[in-house]
Structure formats: structure tokens, C-alpha cells
Amino acid sequence: MTNLRDDIEGWVATGRLSPRNAVRALAIAGVAPTPVEWRKFAETLLLWAGALLLSSGVIYFFAYNWNALSRMVRFGIAEVLFAAAFLVATWLGPTRPAGRAALLLASLLAGALFALFGQTYQTGADSYVLFATWAIVLLPWAAVARFEWLWLLCLALVNTAIVTYFVTTQWGLLGLFFGFDGVLYFELGLNTAALFAWEWGLSSGVVWLTRWGARAVGLLAGSVATCLGVMAIVEPREVGASSFFVYVVLLASLFFFYRTKILDVFFLSGGLLSAIIVTATLLGRVLERNDGADSLLLIGLVIIGMSGAGASWLRGVVRRAQ
């Protein structure tokens, strides 16, 4: 479908097809969305946007009207909304889009309830305890519902709990043993393991997992790996020089796996972007003593050259795969 669309757009660009006839050509080729598809897209977009906006609206409502609401009113509103969302999700079931949206809303409202309880009674619990407890509560829901975006929410909460633990405890006991780079290695290990598990589930035929879910997990793991590579250049004493070697091994493994085992242009593009960021950081570190414009010009030219070469390579990969 994408090839047909590209061909038609190429014909329009070269003047072989008029723009007026291009719309009809797209419809005949079957690449133009039908009214039914547009309606389905709008329904899906409004459904998920409504769930996210409703949850954020509840949180901002409490934040704005905190002093104007009594303790019982706050908990009453939050608990009624949470119970309503949970009952709707149970009634519709996790297989229907509306049921999944209600389940996501209930999951977000559960976090709002935890925060409301801690803020109201000043329990003294640290923020990482909130995020960790929230993730633990959602795990059974995600397992029963087999809802991948709920699994992604749990993963995001665990990542947040790890970061806030290191920040709140001033690197704590784990930081004492692992140092400043402990948080990066913990995050990297967690997200890489999650990516392996996701890919294994996809290869095993788990029907409720999608490729886009794996890409979301890969985006988390790739972001942490890029931060590790940048820190190894900027602050080598904090994270150790070996961190750069770890980054290179991970980047090479990514290109090998998603080029030879599972072709995924999204991951390859992310790997190229990461390599460009780290290379630009390395050049900036090497040329930091030279404050002239020629250093900035060199870095800009390298970025442009790597971007162009990477785009050309990706086009070749896609062309050979077709």
C-alpha cells in the first residue's frame, strides 16, 4: 500500500498525473482511507483522548480546588470515579476498546487515589514508594486483561520508581555499591529485559502483543543506553570508561538483531539517531578547547553527513527487503 501511494505521489510530482485525478487514483488503488475507516479512526482517537483527558482533569481539579474541598469530598469524588471506571471496564470486558479505555482510566485514577491519600494524611512515604505500589497494584490487572498498554504503564512506573529512589535517597544503599551509574544500569537492565520478553512474546505468537509495543519499550531502553554513552564521554569519572564500551556493544547488537533477525526500520532509525547524538557529543568533547566557529561547523557537517548517509542506508535496506 505504501509503494502504491509513493508511486502515485511520484506521478503527480513528475506531471504524469494531475492532482485532480490523484484522489481518484488513490481510491482505486485502495490506499485512500474510506469513510468507515475515517470514522473508526475518529472514534478510537476520541475514546483514548477522552480517557486520558478525564484522568488528567480529575488530578488538576483536586490540585486547583484543594483548599476548597473537605477531606471527605476529595475522597468521595475520587473513589466514585474510580469505582465507576472499574465497573465499566468489568462490564464491557478487556476485549472491547471501550472496556480497555475504562480500564486505563481506572488505572490512572488508582494512582490519583494513592497520591491523594499520601497528600491528605502526610504518611511520610517517599515518592518512589508511591510509584512502586502503584505498579504492583496494576500488575494483576495487566496480567488478567492482557492489555499491552497497561503493561507499558507498569514499566513506566517501575522506571520512575527507580529514578525517584536514587534521587530521594541520594543514591542510597544501591548507589553506595554501584555508584552514580547505578541508576542508568538498573534502568538499562530493566528495559532491555522487558524488550527481550516482548520480542519473545511476539515470536511465540502472543496475539495481544503488537510491534508498536515493542518499539515503545525499545525507545525506553535506547534512551537510557544513549544517556549512558553520553555520560561516558561527558563524565567518565562518574560512570566509568567501560560504559562507552557497553554502549557500543548494545548499539552493535541492536543493528545486528533488527537488521538480520527481525527487520524493523524503527529500531534501525533509533540506533542511527543514538549514534549521531553520541558522535556529536564526542566531537564536542574533543573540540571543547577550540571555541571557534569552525568547531561548530565541523560538528554540524558531521551530523548532516551521518544523517544523509543513514537515510540512504535505510532506504537501501527497505528496498532490498521488498
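Look up a bit, the structure's there.
A few points on the structure. (Residues numbered from 1 in each chain as written. Predicted model: local features only at pLDDT ≥ 70, side-chain atom pairs only at ≥ 80, totals over all residues. Heavy atoms only, no water.)

### Considering the packing of aromatic side chains
Right, on to step 1. Under the criterion given, the structure shown has 13 aromatic pairs.
Right, on to step 2. Geometrically, the ring pair formed by W38 and F41 is edge-to-face, given 6.1 Å between the ring centres and 85 degrees between the ring planes. Placement of the pair is W38 and F41 together in helix α3 (residues 35-64), with a separation of three residues, close to one helical turn.
Right, on to step 3. An angle of 70 degrees between the planes, with centres 6.0 Å apart, marks the rings of W212 and F266 as edge-to-face. Placement of W212 in helix α10 (residues 211-234) and of F266 in helix α13 (residues 265-286) is noted, with a sequence separation of 54 residues between them.
Right, on to step 4. The exposure class of F266 is partly exposed, given its relative accessible area of 35%. (Phe/Tyr/Trp six-rings, centres within 6.5 Å; stacked < 30°, edge-to-face > 60°. Helix = DSSP H or I, 4+ residues; strand = E, 2+ residues; numbered from the N terminus. Buried < 20%, exposed > 50% of the residue type's maximum accessible area, 1.4 Å probe, protein only.)

### Digging into the layout of surface pockets
Right, on to step 1. For the largest pocket, the calculated volume is near 630 Å³.
Right, on to step 2. Forming the walls of the largest pocket are 27 residues, and the residues nearest its centre are G218, A221, G222, L254 and F267.
Right, on to step 3. Those elements that provide at least two residues to the lining of the largest pocket are α9 (182-203), α10, α12 (242-261) and α13.
Right, on to step 4. At eight residues, α13 tops the list of elements feeding residues into the lining of the largest pocket.
Right, on to step 5. Here the residues of the lining of the largest pocket sort into 16 nonpolar, 10 polar and one charged. (1 Å grid on protein atoms, 1.4 Å probe; cavity = no way out; pocket = protein on both sides within 12 Å on 5 of 7 lines; lining within 4 Å. Points joined across faces, edges and corners; volume = space filled by probe spheres on them. Nonpolar A, V, L, I, M, F, W, Y, C, P; charged D, E, K, R; others polar.)

### Describing helix α6 (residues 127-145)
Right, on to step 1. The terminal C-alpha atoms of α6 lie 27 Å apart, and with 19 residues this matches the ideal 27 Å at 1.5 Å per residue to within 8%.
Right, on to step 2. At L138, α6 is deflected by roughly 30 degrees, the largest bend along its length, and proline P140 occurs up to four residues later in sequence.
Right, on to step 3. Where α6 is buried, its residues touch α4 (71-92), α5 (97-121) and α7 (148-168).
Right, on to step 4. Directly after α6, the chain includes R146, whose backbone phi takes a positive value near 50 degrees. (Expected span 1.5 Å × (residues − 1). Bend = angle between axes of the 7 residues up to and from the residue. Contact = heavy atoms within 4.5 Å.)

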